[in-house]
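Notes for the structure review
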Amino acid sequence: VDYPLLNLILLNCLLALSQFIVLRAGVFSVATAGLTACGAYTAALLVVKLSVPAPVAIICGVLAGAGFGLLLAVPLARVRGVVTAIATLAFVVIVQAACLNATPITGGAAGLNGIPKLLNTPTLVILVGLVVYLIFNLNRSGLGRAFETIRQDETVAVSFGIPVARLHALAFGLSGAVAGLGGGLMAFHNYSLVPEEFGFGMLVNLLAAVVIGGGSSVWGPLVGATFLTALPEVARPLAENRAIITGVLLMASIVYLPLGLVDTIFLAMRRGRAAKLNQSEAAKRRLPAKEQA
Amino acid sequence: MLLAQQIFNGLVVGSVYALFALGFTLVFGVLHVLNLGHGAIFMSGAFVGLYCMVGLGLGFPAALALGALSAAMLSVVLDYFAFRPLRKRKAPEFSAIISSMGAGLVITSIAQRLSDTQVWRYPFDSFPIVVYELFGLRVMLLQVVIMLSVALILAALWVLMFRTAVGRQIRAVAISERTASLLGCNPAFVHFVVFAVSGALAGIAGILIGLAFNSVHFLMGEPYMLRAFVVIVLGGLGSVAGAVIAGLLLGVVQTLTVAYISSAWADAIVFSLLFVTLLVRPSGFFGTLRIERRVARL
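Scope of this entry: the structure provided in the associated data block. (Residues numbered from 1 in each chain as written. Chains lettered and ligands numbered in written order. Predicted model: local features only at pLDDT ≥ 70, side-chain atom pairs only at ≥ 80, totals over all residues. Heavy atoms only, no water.)

Our focus in this paragraph is helix α13 (residues 242-256) of chain A. In an α-helix, one turn spans 3.6 residues, which is why side chains three or four residues apart end up on the same side. Taking 1.5 Å per residue, 15 residues should reach 21 Å; α13(A) reaches 21 Å between its end C-alpha atoms and fits that length. Within the sequence span of α13(A), burial applies to A:T246, A:G247, A:L250, A:M251, A:S253, A:I254 and A:V255. Taken together, the buried residues of α13(A) touch α10 (200-213) of chain A together with α3 (60-89) and α4 (93-114) of chain B. (Helix = DSSP H or I, 4+ residues; strand = E, 2+ residues; numbered from the N terminus. Expected span 1.5 Å × (residues − 1). Buried < 20%, exposed > 50% of the residue type's maximum accessible area, 1.4 Å probe, protein only. Contact = heavy atoms within 4.5 Å.)

Here it is in structure tokens:
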């Protein structure tokens, strides 16, 4: 049983989750594409050149992603907002240039070929499910609340004694680990790795997934990534205009649906429930009055 | 002598980087948003310039003017659709980056359609190839024209910013939009001017780069935008003088890297410069110290 489209959706979900983790913690990092490349090349090289068993290689990929994420957090501890975005973009370019130019190791522009295809849909479903479960719980734990506080107001977070710099580093590490896993899985799904894959295009798509889906609940990036991956496949004529559609959707969703699809729906549902509750309470209050009359 | 020649070539390229980064830093300085559609506007200017010179047979100055004008218009349109709704809502800076990224994507895709994904080139003799010998340096006419155009534009920009009423308004809005509007500045007008000027700078940079490398294609904006990031971080976000100095510096560093180390690693080295800057002096080397909200040091 193997469904290529579903595999693609699941892989993109994983990468979108990695992007989600950092944004959730109030770090405007776009490093995910670069961290994915680190994980993907680590896992693939271990299998191809050193014939390490694949599960071990994927774990090494995860560790590589997390390691680079933590490393990246060191220089970026001193900057915020726009500068973080610029610096992580530079990181993506550096990683891409390294993959492109270290031809003896990575195969350069021709790509790293001959990677065995070991991945099938059930394994992928289980792994992605596991990651979603972990992030879902993390989001609701004390750590998730600390991240939320930092995102909303860093000064308040500091005054509550939340170690902002350490949590930012943790967010980079976690995001790197998920990206590394996604990269490792990508390597064993695609047969080959090409540096071009891990560039500006991937970065925009991942950001789009989180923005269109919504950035505060776990379901946002999942819905966004599924939507963006499935749309050109389901409606063939759209595939040619993929970039235009992504662009227009990005602009439209940030202007008209700033919370994203999922979070807007959740908010509407919560408001609906609150309204219903208010109504029933008002009815209860009105009821005795009517009985008296 | 070879070294001097390389440094000169680097300065020529760097002056165009500076021009490109100036528009970028101007928008950031006034509106405090990063315009990721700037690269696409640069590309559109390059296409219009080439079309004017080759397709319509206009001269270089006319092509430069028309390219700048169209890029300025496109930039204003981009502002209207991508930034204005967000300004009204007072959305965080993150939103502006996302929506300009989307706008850039749309412009690039349209250009891809219109150009059939082809690389457009100038015919061989569209710009006279004249080589001067100056203090032992080989100086091409095109290089002279590029340097002169950039110098003229910089001078004009300086006059606009520091010697006219409009410039005073722009600087006032950059400091505080609210206070400026209380004192009678129209922020909407200032935003219009800033985007038009920034677009015109990008368009001119696009034409000059298209001529210098004789290659115009729909993805040409991306590498320049990435380099502009390095320039504005090195020069300090929002600093005009910083953008010029850092742009020239980047051009020289890049040319020297290509000449003496390896062209393949030039990108990696240039972008590592950015990380070094962030480690050593996050507010940039030439800008004034901006007070960032940085509270946590643990």
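Turning our eyes to something else, we now look at the packing of α3(B) against helix α8 (residues 187-213) of chain B. Residues and elements named next belong to chain B. Put simply, α3 and α8 touch, their axes get as near as 6 Å, and they point 135 degrees apart. Considered as vectors, α3 and α8 are oriented oblique to each other. Crossing geometry of α3 relative to α8 is assigned as right-handed. Listed contacts from α8 to F60, A63, L64, G67, A68, A71, A72, S75, V76, D79, F83 and R87 of α3 are H191, F192, F195, A196, S198, G199, A200, G203, I204, I207, L208 and L211. When the residues that make up the contact of α3 with α8 are grouped by side-chain class, the tally is 16 nonpolar, 6 polar and 2 charged. (Axes fitted to C-alpha atoms, helices over the stretch in contact; angles between N-to-C directions. Parallel < 35°, antiparallel > 145°, perpendicular 65-115°, else oblique. Left-handed = near helix turned anticlockwise from the far one by under 90°. Nonpolar A, V, L, I, M, F, W, Y, C, P; charged D, E, K, R; others polar.)

Attention shifts here to helix α11 (residues 219-234) of chain A. Spanning 16 residues, α11(A) covers 21 Å between terminal C-alpha atoms, matching the ideal 22 Å at 1.5 Å per step. Within the span of α11(A), buried status applies to A:G220, A:P221, A:L222, A:G224, A:A225, A:L228, A:T229, A:A230 and A:P232.

All names here are of chain A. Scanning the entire structure with this criterion turns up 4 salt bridges over all chains. When the shortest N-O distance is used, the salt bridge between E148 and R24 registers 2.7 Å. Taken together, the residues E148 in helix α7 (residues 142-152) and R24 in helix α1 (residues 4-24) connect sequence positions 124 residues apart. Taking relative accessible area as the criterion, R24 reaches 9% and is therefore assigned buried. Salt bridges sharing common partners tie together R24, E148 and R151. (Salt bridge = Lys/Arg side-chain N within 4 Å of Asp/Glu carboxyl O.)

Between chain B and chain A, the residue contacts involve 46 residues of the former and 48 residues of the latter. Summing both sides of the interface, chain B and chain A together bury roughly 4,200 Å²; the carbon and sulfur share of this comes to 78%. Our count for the contact surface shared by chain B and chain A stands at 2 residue pairs in polar contact (both at pLDDT 80 or more). Among the secondary structure elements, those contributing two or more residues to the side of chain B that touches chain A are α3, α4, α9 (221-235) and α11 (266-280) of chain B. Top contributing element to the side of chain B that touches chain A by residue count: α4(B), with 14 residues. Class assignment for the residues of the side of chain B that touches chain A results in 33 nonpolar, 5 polar and 8 charged. (Buried area = accessible area lost by both parts, 1.4 Å probe. Polar contact = N/O pair within 3.5 Å; in protein donor to acceptor, adjacent residues only side chain to side chain.)

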